[in-house]
Amino acid sequence: MKKLLLAAAAAVALPAMAQAHFLLEYTTETMIKAPGDVPVKLIFWHPFENGHVMDLEMPQEFFMVHNGERTDLKGTLEPVRFKGAANEGAAFKGSVPVKRSGDYVLVTVPVPYYEEAEDAYIQQITKAFLNRNELPTDWMEPVGLPTEIIPLNKPYNVIAGGTFTGQVLANGEPVAGAEIEIEYMAAEPDMESSAASAPTVSPMPGGSVVAISDANGYFSFGVPKAGYWGFAALGSGPATEHEGKELSQDAVIWIRAWDME
Ligand SMILES: [Cu+2]
């Protein structure tokens, strides 16, 4: 409740922050046809409405999990600028070496971001998923992060019009009653330029789209539209304080939905 009140106060002070912010691990494709280095962009942004871009620092960790094995990818990260409709901020471009068949789970553990409007820190521990040759290997396994969302549907080929179910974990245990913000990537980043594409839909009236996890940490969402969908379990992580201030340690997951053709 305290968090809700703080959010309401912040909304009055700075309308852009009323919308949900998401850390993006953006690739143009989730199913990778040819082996090679897949470019990825890390952007801390409000992608539903092409809103405020927040400066992203070099993350604490950026790695992939493939066949249960972690590979550090921090060395691939280069600073880039990212331009939203309202402002421009610091982001990163990296690359994911996709060679063998299977899943590639991308994980970013960012440095806590100081949000002035709320006098608090935000740390969105984020997962996204790539696959090559339709061989499922890793998508359903917990990575072992302080907090994470486990997908119960294969996250790179969700059917638009179907549902997506996830489970929120903190230290491997289910989190009941977590508030999960749900966001459509209405404006996709352009991989070649530093800009966003024009938003394809408008944000929903009434503020963020939200689900609450049940007693066992599960939530479901009917996915109405093809594209990238983000889910952020707010403050689901075990860490609640950073440098003497409140920390919201969030678990973020990105899925990709497709129209049936
Ligand atoms: Cu925000």
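Placed above this text is the structure.
Keep in mind that this is a model prediction, so the values were computed, not measured.

A look at the overall build of the chain
For the chain, the helix and strand inventory stands at one helix and 20 strands. Expected size for 261 residues packed as a compact globule is a radius of gyration near 18 Å; at 17 Å, the chain falls within 12% of this value. Projected onto its principal axes, the C-alpha coordinates of the chain cover approximately 50 × 45 × 40 Å. In the chain, which comprises 261 residues, the share counted as buried stands at 49%. Considering only residue pairs separated by 6 or more positions, the chain has 69% of its internal contacts joining residues 24 or more positions apart. A distance of 6 Å separates the average location of the 17 positive side-chain charges in the chain from that of its 34 negative side-chain charges.

Focus on empty space enclosed by the protein
Summed over all chains, the structure comprises three cavities of 30 Å³ or more. Taken as a whole, the largest cavity encloses approximately 100 Å³ of empty space. The wall of the largest cavity is formed by Leu-23, Phe-44, Asp-55, Leu-56, Glu-57, Pro-110, Val-111, Pro-112, Tyr-113, Ile-122, Gln-123 and Gln-124. At three residues, strand β10 (residues 120–132) tops the list of elements feeding residues into the lining of the largest cavity. Of the residues belonging to the lining of the largest cavity, the class tally is eight nonpolar, two polar and two charged.

Comments concerning the coordination of the copper ion
Protein-derived ligands of the copper ion are His-21 (ND1) and His-46 (NE2), with the metal-ligand distances lying across 2.1 to 2.2 Å. Taken as a pair, His-21 in the loop between α1 (2–13) and β1 (22–26) and His-46 in the loop between β3 (36–45) and β4 (61–66) lie far apart in primary sequence, 25 residues in all. The residues His-21 and His-46 share a single accessibility class, namely buried.

Topic: the sheet that holds β3
In space, the four strands of this open sheet follow the order β1-β3-β7-β6, with antiparallel pairing throughout. Looking along the sheet, the strands with just one partner apiece sit at the ends: β1 and β6 (78–83). Strand-to-strand twist of the sheet, defined as the mean angle between neighbouring strand axes without regard to direction, takes the value 30°. Summarising the sheet, β1 and β3 pair through five bridges and their orientation is antiparallel. Bridge pairing links Phe-22 to Trp-45 in β3.

Notes on unusual backbone geometry
With phi around 50°, Asn-50 is a residue other than glycine that occupies positive phi space. Structurally, Asn-50 can be placed in the loop between β3 and β4. Judged by relative accessible area, which is 9%, Asn-50 ranks as buried. Its identity as a non-glycine residue notwithstanding, Glu-243 has a phi of 45°, on the positive side. Since its relative accessible area comes to 63%, Glu-243 is described here as exposed.

The rules behind each value
Residues numbered from 1 in each chain as written. Predicted model: local features only at pLDDT ≥ 70, side-chain atom pairs only at ≥ 80, totals over all residues. Heavy atoms only, no water. Helix = DSSP H or I, 4+ residues; strand = E, 2+ residues; numbered from the N terminus. Rg over C-alpha atoms; globule rule 2.2 N^0.38 Å. Buried < 20%, exposed > 50% of the residue type's maximum accessible area, 1.4 Å probe, protein only. Contact = heavy atoms within 4.5 Å. Lys, Arg positive; Asp, Glu negative; His and termini not counted. Charge placed at Lys NZ, Arg CZ, Asp CG, Glu CD. 1 Å grid on protein atoms, 1.4 Å probe; cavity = no way out; pocket = protein on both sides within 12 Å on 5 of 7 lines; lining within 4 Å. Points joined across faces, edges and corners; volume = space filled by probe spheres on them. Nonpolar A, V, L, I, M, F, W, Y, C, P; charged D, E, K, R; others polar. Donors = N, O, S within 2.8 Å, 3.2 Å for Na, K, Ca; no water. Pairing = 2+ DSSP bridges. Axes fitted to C-alpha atoms, helices over the stretch in contact; angles between N-to-C directions.

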